[in-house]
There are 2 protein chains.
Amino acid sequence: MSGKKYVYFFAKGQTDGSAKMKELLGGKGANLAEMTSIGIPVPPGFTISTEACAKFYDAGRKWPQGLDKQVSDSIKKLEKATGKTFGYGDNPLLVSVRSGAAVSMPGMKDTVLNLGLNEKTLQSLIEKTDNPRLGWDAYRRFIQMFGDVVMDVPHHDFENILEKVKKKAGVKLDTQLTADDLKEVVKQYKALYKKHTKQDFPSDAKSQLTKSVDAVFNSWNNPRAVKYRKINEIKGLIGTAVNVQTMVFGNMGPTSGTGVCFTRNPSTGENKFYGEFLMNAQGEDVVAGIRTPEPISDLSKEMPAAYKELIKIREKLEKHYREIQDLEFTIEEKKLYILQTRNGKRTAHAAVKMAIDMLKEKLINEKTAVMRVKPEELDQLLHPMFDPASEKKAKVIAKGLPASPGAATGQVVFDADTAEKWAAEGKTVILCRIETSPEDIGGMHVARGILTSRGGMTSHAAVVARGMGTCCIAGADGVVIDYKKKQFKASGSTVKQGDWISLNGSSGKLYLGKIDTVEPKLHGNFGKLMKVADKYRKLGVRTNADTPKDTAVAVEYGAEGIGLCRTEHMFFEGDRIISFRKLILVADTVKNLKNQIENTVDEKEKAKLEKQLQQPLKQYNEALKELLPLQRKDFEGIFKALKGRPCTIRLLDPPLHEFLPQDSKGQKEMASIMGVKESVIKAKVEQLHEFNPMLGHRGCRLGLTYPEISAMQVRAIMEAAANVKKKGISVKPEIMIPLIGHVEELRIARQQAEEVIEDVFKRRKLKKGSIPYLIGTMIEIPRAAVTSDQVAEYADFFSFGTNDLTQMGCGFSRDDAGKFLGDYVEMGIYEKDPFMVLDTEGIGRLVEMSCKLGRKTKKNIKLGICGEHGGEPSSVKFCAATGLDYVSCSPFRVPIARLAAAQFVIEKKKN
Amino acid sequence: MSGKKYVYFFAKGQTDGSAKMKELLGGKGANLAEMTSIGIPVPPGFTISTEACAKFYDAGRKWPQGLDKQVSDSIKKLEKATGKTFGYGDNPLLVSVRSGAAVSMPGMKDTVLNLGLNEKTLQSLIEKTDNPRLGWDAYRRFIQMFGDVVMDVPHHDFENILEKVKKKAGVKLDTQLTADDLKEVVKQYKALYKKHTKQDFPSDAKSQLTKSVDAVFNSWNNPRAVKYRKINEIKGLIGTAVNVQTMVFGNMGPTSGTGVCFTRNPSTGENKFYGEFLMNAQGEDVVAGIRTPEPISDLSKEMPAAYKELIKIREKLEKHYREIQDLEFTIEEKKLYILQTRNGKRTAHAAVKMAIDMLKEKLINEKTAVMRVKPEELDQLLHPMFDPASEKKAKVIAKGLPASPGAATGQVVFDADTAEKWAAEGKTVILCRIETSPEDIGGMHVARGILTSRGGMTSHAAVVARGMGTCCIAGADGVVIDYKKKQFKASGSTVKQGDWISLNGSSGKLYLGKIDTVEPKLHGNFGKLMKVADKYRKLGVRTNADTPKDTAVAVEYGAEGIGLCRTEHMFFEGDRIISFRKLILVADTVKNLKNQIENTVDEKEKAKLEKQLQQPLKQYNEALKELLPLQRKDFEGIFKALKGRPCTIRLLDPPLHEFLPQDSKGQKEMASIMGVKESVIKAKVEQLHEFNPMLGHRGCRLGLTYPEISAMQVRAIMEAAANVKKKGISVKPEIMIPLIGHVEELRIARQQAEEVIEDVFKRRKLKKGSIPYLIGTMIEIPRAAVTSDQVAEYADFFSFGTNDLTQMGCGFSRDDAGKFLGDYVEMGIYEKDPFMVLDTEGIGRLVEMSCKLGRKTKKNIKLGICGEHGGEPSSVKFCAATGLDYVSCSPFRVPIARLAAAQFVIEKKKN
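Quick summary incoming for the structure in this document. (Residues numbered from 1 in each chain as written. Chains lettered and ligands numbered in written order. Predicted model: local features only at pLDDT ≥ 70, side-chain atom pairs only at ≥ 80, totals over all residues. Heavy atoms only, no water.)

All right, on to the packing of helix H13 (residues 348-360) of chain B against helix H20 (residues 524-536) of chain B then. Residues and elements named next belong to chain B. Contact geometry for H13 and H20: axes closest at 9 Å, N-to-C directions at 65 degrees. Between H13 and H20, the crossing angle belongs to the class labelled roughly perpendicular. For H13 against H20, the interelement crossing comes out left-handed. Where H13 approaches H20, its residues Val-352, Lys-353, Ala-355, Ile-356, Leu-359 and Lys-360 are matched on the opposing element by Asn-525, Phe-526, Lys-528, Leu-529 and Val-532. The residue inventory of the contact of H13 with H20, partitioned by class, reads 7 nonpolar, 1 polar and 3 charged. (Axes fitted to C-alpha atoms, helices over the stretch in contact; angles between N-to-C directions. Helix = DSSP H or I, 4+ residues; strand = E, 2+ residues; numbered from the N terminus. Parallel < 35°, antiparallel > 145°, perpendicular 65-115°, else oblique. Left-handed = near helix turned anticlockwise from the far one by under 90°. Contact = heavy atoms within 4.5 Å. Nonpolar A, V, L, I, M, F, W, Y, C, P; charged D, E, K, R; others polar.)

Laid out in structure tokens, this is it:
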């Protein structure tokens, strides 16, 4: 004996449910109850709860005990509320049966209309409406829907019959069929139904209802619905609700009609009633597109009273829901009914405008305004977009990862040099590579878009592109690139160098040919929303930027400083690479000889070694001398653009082999520039080769084995700071030592840096403290995280490099994980790609542990994050919860981080 | 005013120091005091403490306050004790001044003899001894030593003078010089001294003493001594002590003499007095090798009384020190003096025998016996060794890392195939490779020794070689290999295929030509010592073994089971590689098609895909079917060899590309065997290529994406277990899932394994529990360590894979770290190579954390370690301290681990 309540009734003055019961009644059912309770004219009905659906499955697809009685009782109540009778009588009660989960879910069998009709009630309906055509049309629709939804009679078999009858009648549209034609349709439909199901079409209304409810329950787990939930990562729902509602007819004649409308413009956000309607039509007809609906404003002419009521309802609903509403209405012989309301889907653009407008209108408060826009939606506002109409027409030839949002159209090139050459000639280029490397930086910089056939969301191409705000599709493995032939193949098309292609970096779609793009506008409302958000935000937001240009963009977007300035990008531009390669060629010779000299006791041997050292040391020092002023100038530019904001600069990080040409042509060129044999270059490349470059000779390991490089960088930073300060701009450099694993590394690196800084202060005659600087470290190696109490001794700040921390902590390289990470996410091992969304359970534990240990040693140690996760909303919220001081992300993600950080504070207060 | 005691006097009945004061008095000084206190005839003297040396440096190389007075007072006491006077009088007091730190340290200036001599005391000495030659010889030695040690007068300038005088006198030996000759030598020495120092040779005895003490203090920090401490990692010492001791003369005539002896044979451990002596000679003469010393037993004939006394002293010292003693003695006119005693240096062989002998003799107890042998010394007992005499004569041509101990002589080959071919022909081969890969396994197995020019102590070659107990030198970067020419060059020598070379895997030295080897014997004493150790040991010791042969060896050495059985080695032997390659060729096609089929709704499309799947699936299943019986047989062999001991079997771990030929020749061969185009193989190799294979598609990631492979392995394991059990041998399989990072991986892998096990039980009609099995995981990914509370839910055991945990935790790959790890150890960043000695501060924290979290979830979870560290003594002790249940190491390291584990228990009780 179960006393459990499964059925929730709604009719004027008799409402069991409310909008808060979405989980239980589904979105549709909850809103029907809510509307009823606030006096909106809703056709009465009842909702069978999602719990009933769950029990249905628990019991092996059987109705739970008590449900049948509750449904019967509700039908009785419905008969009473409407004055109609179900399945018999002069005034028959017809109902619709609709699925409705807490989240909208295409794929479920969703609607049966006109349920309750049989040969007898059909006659009553015809008599009552004096409209045989309406009656027969309603009946044939019911048979078709019931047949399809409940009994799996193929939809197209019904359509075939309809077509044949139309042909016979010599008409084109369904609406042109007469009552007699429809009678013929019904006859053939019933025959089809019997042929397919071996049963007569049911005439008992209760049985019709029971079977329809079963069908809706069953459709919750049909393959399409399951697939949809999987793809859209919809979890935690227990089932669908079923809404049974009195039918109303918009096709009862010239004073009837139906429409769909939004309380505001969902595309622009404009506060103007928006929608369309059709007179003498049913809901499907509006969507079907056979007749062209009229704009909603015209309803005021057709039916002024109904329109006036609708306007009032619009206001009432917005005031009640405080959010844009998407309504369906039907007018049955002048009487207006609202069939459905829900929060309207809108563009990011509209969302921002409405949040600010509603705030002004005092419809919502600041906190609600801030919560109204999903941080990730802001992406849409920050990148060029394809013109939707043009994009629709274009041919998709491949799909990759949406690595950096935006849209780009351009001519394909297959190497960075050509990209630069063509760009210099004024061409718009798309750089297409199997994968990119730091050598490609020049080409990536000038490219309108970047396409790679290999690599993930945090591959080199993706990271750099996001940093630059350049549209990028990564890992489009359907694209087979042939560098030799300078072409790629995809979906049977061959694209040659110079051909036009288009990239949608937000969807990952690659198109053949040109597509028109639309430039984004940074609306005033967007700025206003950000300001409101900043009132609540506590977490700082910085940016990852390596150039004055990127810095300026980021500051514009509200960055409060630079959290990660990668200095290695500065070694690639122009002639610098030559100087740096000069250095690389002799670096280890210099190091080894110096070591040998230090360890040699014999004076003669020492002298011999010192002589050997001269030539390479000269070259080494020359290279450093060439690089120093260039780096200094870089930093000056960035410091100026920051206007006094702090700047975390990471010393050289990538392994040296990344700076050498890997291909024979490049090696030949380099040899000729350096004036050495090609074999020397090849030997150096071979010598520097690493099995696992990710875990190789890079980061502080370079600075410790070649301290002169770090010293040059620190000198450039501090001299630049001194120069900029002289111009009256304050500078806050924060020197960041990368890839620390052991406190001793940091202790030594810090000491080396401080010696240089002291020297700069002395030479420039600066007072101690006149340029406030910090020295800190990335926490990106697990060992550093678990020994952060020790590391903090020598660190003024920690910046979590969550890309590498994820790679090493999870033990997979971002460039290789593609081979299994997809399967992993599919299997639910990781809920999301941990390179996109911080794995808070695992890597997050390391971050939390490190923060705790670091603060134990140094209470006020500054804590930030500079990995790619710094611009991903849920990761930003994790950082806020963990008590970090700031996040840092690419310039175009700064607003996203600001909004996410504000939302964190608001959400936290709620809970 | 410092009342600090710096000087410790020793003379019969007047001893301030003791053997326990080594830190303060140095080893030599402490033992002189100790001997004096137990009544051994020691020439009286005093020791200036190491604290005085430290204060000397603190004060900028000046004597600390109070030292001067204490030295003067001690001289007075010495005069009183000996009845002699210092620097004057008829019976002059002559002393020796010797350095002596807590640890023996070559490189310090160490000895000045005959101090106190001047023109006057020389005459007194001559008169008193009636031996002018002795007097002048003593004086010239004093001047030479003082000049060299205190004033840095070049040693060879003194030698030149001596040579000239000898030439003039027409003699060959120093001893042939007359008193007059020596007088001439003294004259010229003094002139040299004055020329070099611009001072007269000092005649004031106190001043001689002061300067000598200064010189000893200063020599503590001379470059050679500093270097020695650095190389030998001697840390924590504060300085050297200085021993001032009354001179006795073994060269006073026919009833005088001197000798050096050991209380037992330091080479064999035999309990027999061992040593040699010279009559009428000074200590240096014994060492100098000009006269051939006589065996100590002959002293009984020469001077029976002195010998009898010496024998008594031998017994007394051994009883007192309970350890082999290394003594120096002098007989001055029939009176025996002991000048020094210290624990004797001995071979591992001797150490083991002595420990067991002394235990039998009740000289020491069991705990002491166990502590007597350093675990790492046991290596010497377990591997073939070069005959020392032959090795001395051989030419060293390169030096690499001592990657796997032992010695090997053989003919060089440069590829595994040739190694196998030649070995089959009965040749002894040394496999020489730039680096080895799993493809080389066959060749490595048959090679007597392995030499690589690249890679570290835990490179593939090193790990495999240690596992096999095969001698190996890794990373000998002086060896330049030319595969094409089939030769290598080193130190100017060219070694061609077929030439003989010799490897000392314990020292890393590579020799040209053959060297005779000596096979090790597993002495009975060694077994006895192990048994005693096992009484105290609590930690379990297992082995890493992949073959029945290795397993049997390990069991012989006391392994209590297998802690790591790597199944991948089993895929390389013979034709198996062909089956496995067949599988690899189609694996991802099968996987992708299966995925597509699962996700396809359209039935037609589904059918099409299923047809496409047929052929590759057939090949895939065939390969699995071929592999199953082979694997099963492997496991049967191992289970039998284990005789009921537990066996942890790791499922396939390395990335698939390791199983494909990387070179063109191999690819061609494979293509022809498989009957496919070469391009197919090349494309697969290219497709499987990884940027960071260490962080790639391997371990459980393979098993999860290709579950059929794991299923085959699990089936092979359980069927083998069933077969062996049927023969009455109990079997305890422990299935280990490698490379777990996330609990979900383990949950799924475990479930898959359990399904297979259930199926085997069903088919074999086995009762539940009749074959007790465990399923657990490696903890080798940092994420798994920090989420071990979660992982433990599905793990019956954890086995710490500290190799990979070190790589990922520290963020450096063992194959690449060579480029900086040397510098790092030199800089003291890591005290030791963390691949050799577990980094307990960092990686150890992860291990501790994981144990704690794991036990929190599952109190009795079994914990072990199977990384290379499992056989390294200090790491073994860490494992014991952390509360692991067992360590696992290569067979030849099992005794080492057993001893280390026993010592841990004994050391812990002490503290």
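All names here are of chain A. The grouping of Lys-367, Lys-538, Lys-908 and Lys-909 at the surface amounts to a positive patch. Mapped onto the secondary structure, Lys-538 falls in the loop between helix H20 (524-536) and strand E24 (540-544). Judged by its relative accessible area of 68%, Lys-538 falls in the exposed class. (Patch = residues over 30% accessible without salt bridge, like charges linked within 9 Å, V, L, I, M, F, W, Y side chains within 5 Å. Areas by Shrake-Rupley, 256 points an atom, 1.4 Å probe, with all protein chains shown as cover. Salt bridge = Lys/Arg side-chain N within 4 Å of Asp/Glu carboxyl O. Lys, Arg positive; Asp, Glu negative; His and termini not counted. Charge placed at Lys NZ, Arg CZ, Asp CG, Glu CD. Buried < 20%, exposed > 50% of the residue type's maximum accessible area, 1.4 Å probe, protein only.)

What follows deals with the sheet that holds strand E20 (residues 493-496) of chain A. Note: strands within a sheet are paired through backbone hydrogen bonds, in either parallel or antiparallel orientation. Residues and elements named next belong to chain A. Taking strand neighbours across the sheet as the criterion, the 3 strands line up as E18-E19-E20 in an open arrangement whose pairing is antiparallel. Of all strands in the sheet, those with a lone pairing partner are strand E18 (480-482) and E20, marking the two edges. Across the sheet, the mean angle separating the axes of adjacent strands is 20 degrees when strand polarity is ignored. (Pairing = 2+ DSSP bridges.)

Residues and elements named next belong to chain A. Helix length check: helix H27 (residues 707-726), at 20 residues, gives a terminal C-alpha distance of 28 Å against a target of 28 Å (1.5 Å per residue), a fit within 8%. Among the 20 residues in H27, 14 count as buried, and that is most of the element. Positive backbone phi, approximately 85 degrees, marks Gly-728, located one or two places after H27. (Expected span 1.5 Å × (residues − 1).)

Once chain A has been moved 0.0 Å along the axis and rotated by 180 degrees, it coincides with chain B to within an RMSD of 0.2 Å. When the rotation and shift are considered jointly, the pair of chain copies conforms to a two-fold rotation axis. Nearest to the rotation axis, the C-alpha of Asn-692 of chain A is located 2.1 Å from it, this being the minimum over chain A. With an isologous cut-off of 70% or more, the 98% of interface residues of chain A that recur at the interface of chain B puts this contact in the isologous class. (Least-squares fit on C-alpha atoms with pLDDT ≥ 70 in both.)

To continue, consider the sheet that holds strand E17 (residues 471-474) of chain B. Residues and elements named next belong to chain B. Here we have 8 strands laid out as an open sheet, ordered E12-E22-E21-E14-E15-E16-E17-E13, and mixed in their pairing. Every interior strand has two partners, whereas the edge strands, strand E12 (395-399) and strand E13 (401-404), have only one. On average, each strand axis in the sheet is tilted by 35 degrees relative to the strand beside it, whichever way the strands run. Contacts from helix H17 (residues 416-424) reach strand E14 (407-413) and strand E15 (429-433), with the element oriented near 110 degrees to E14.

With that settled, consider the state of the cysteines. Summed over the entire model, instances satisfying the criterion amount to 0 disulfides over all chains. Here Cys-647 of chain A stays unpaired: no disulfide links it, and the sulfur of Cys-565 of chain A, its closest cysteine neighbor, is 5.0 Å away. (Disulfide = S-S within 2.5 Å.)

All names here are of chain B. Within the secondary structure, Ala-355 sits in helix H13. Judged by its relative accessible area of 1%, Ala-355 is buried. Between the C-alpha atoms of Ala-355 and Ala-33, which are 322 residues apart in sequence, the distance is 26 Å. Setting aside its immediate chain neighbours within four residues, Ala-355 contacts Ile-364, Ala-369, Arg-372 and Leu-529.

This next bit is on the packing of aromatic side chains. Throughout the structure, instances matching the rule amount to 50 aromatic pairs over all chains. Judged by centre distance (6.2 Å) and plane angle (90 degrees), the rings of Phe-571 of chain A and Phe-659 of chain A are edge-to-face. Placement of Phe-571 of chain A in the loop between strand E25 (562-566) and helix H22 (576-599) and of Phe-659 of chain A in the loop between strand E26 (646-650) and helix H24 (664-674) is noted, with a sequence separation of 88 residues between them. Accessibility classification places Phe-571 of chain A together with Phe-659 of chain A in one group, the buried group. A centroid spacing of 4.7 Å and a plane angle of 75 degrees characterise the contact between Phe-580 of chain A and Phe-659 of chain A, whose relative ring orientation is edge-to-face. A residue pair is termed long-range when its members are at least 10 positions apart, and Phe-580 of chain A in helix H22 and Phe-659 of chain A in the loop between E26 and H24 qualify at 79 residues. By relative accessible area, which is 0% here, Phe-580 of chain A ends up buried. The positively charged end of Lys-427 of chain A is found above the aromatic ring belonging to Trp-422 of chain A, 4.1 Å away from the centroid. Over the ring of Trp-220 of chain B we find Arg-229 of chain B, and its NZ or CZ is 3.8 Å from the ring centre. (Phe/Tyr/Trp six-rings, centres within 6.5 Å; stacked < 30°, edge-to-face > 60°. Lys NZ or Arg CZ within 6 Å of the ring centre and 35° of its normal.)

Residues Phe-639 of chain A together with Leu-583 and Phe-639 of chain B are the most contacted members of the largest nonpolar core, which totals 284 residues. Beyond its immediate sequence surroundings of up to four residues, Phe-639 of chain A is in contact with Gly-644, Cys-647, Ile-649, Ile-717, Ala-720, Ala-721, Val-724, Ile-729, Val-731 and Pro-733 of chain A. (Core = buried A, V, L, I, M, F, W, Y, C linked by side-chain atoms within 4.5 Å.)

Residues and elements named next belong to chain B. In terms of residue burial, strand E25 (residues 562-566) counts as a mostly covered element, since 5 of its 5 residues are buried. Sheet analysis places strand E24 (residues 540-544) next to E25, joined by 2 bridges and oriented parallel. Bridge pairing in E25 places Thr-543 opposite Ile-562. Two elements, E25 and strand E26 (residues 646-650), share 3 bridges in a ladder whose sense is parallel. By the bridge assignment, Cys-565 is partnered in E26 with Ile-649.

Let's shift gears to the interface of chain A and chain B. Contacts between the two partners involve 62 residues from chain A, matched on the other side by 61 residues from chain B. When residues of chain A are sorted by the area they lose upon contact with chain B, Phe-691, Leu-695 and Lys-819 of chain A head the list and together hold 13% of the total. Asp-823 of chain A is the partner of Lys-591 of chain B in a salt bridge, and the nearest nitrogen-oxygen pair spans 2.8 Å. For the pair chain A and chain B, the interface holds 33 residue pairs in polar contact (both at pLDDT 80 or more). In terms of residues, the side of chain A that touches chain B owes the most to one element, helix H32 (residues 818-827) of chain A, which gives 6 residues. The residue inventory of the side of chain A that touches chain B, partitioned by class, reads 23 nonpolar, 18 polar and 21 charged. (Buried area = accessible area lost by both parts, 1.4 Å probe. Polar contact = N/O pair within 3.5 Å; in protein donor to acceptor, adjacent residues only side chain to side chain.)

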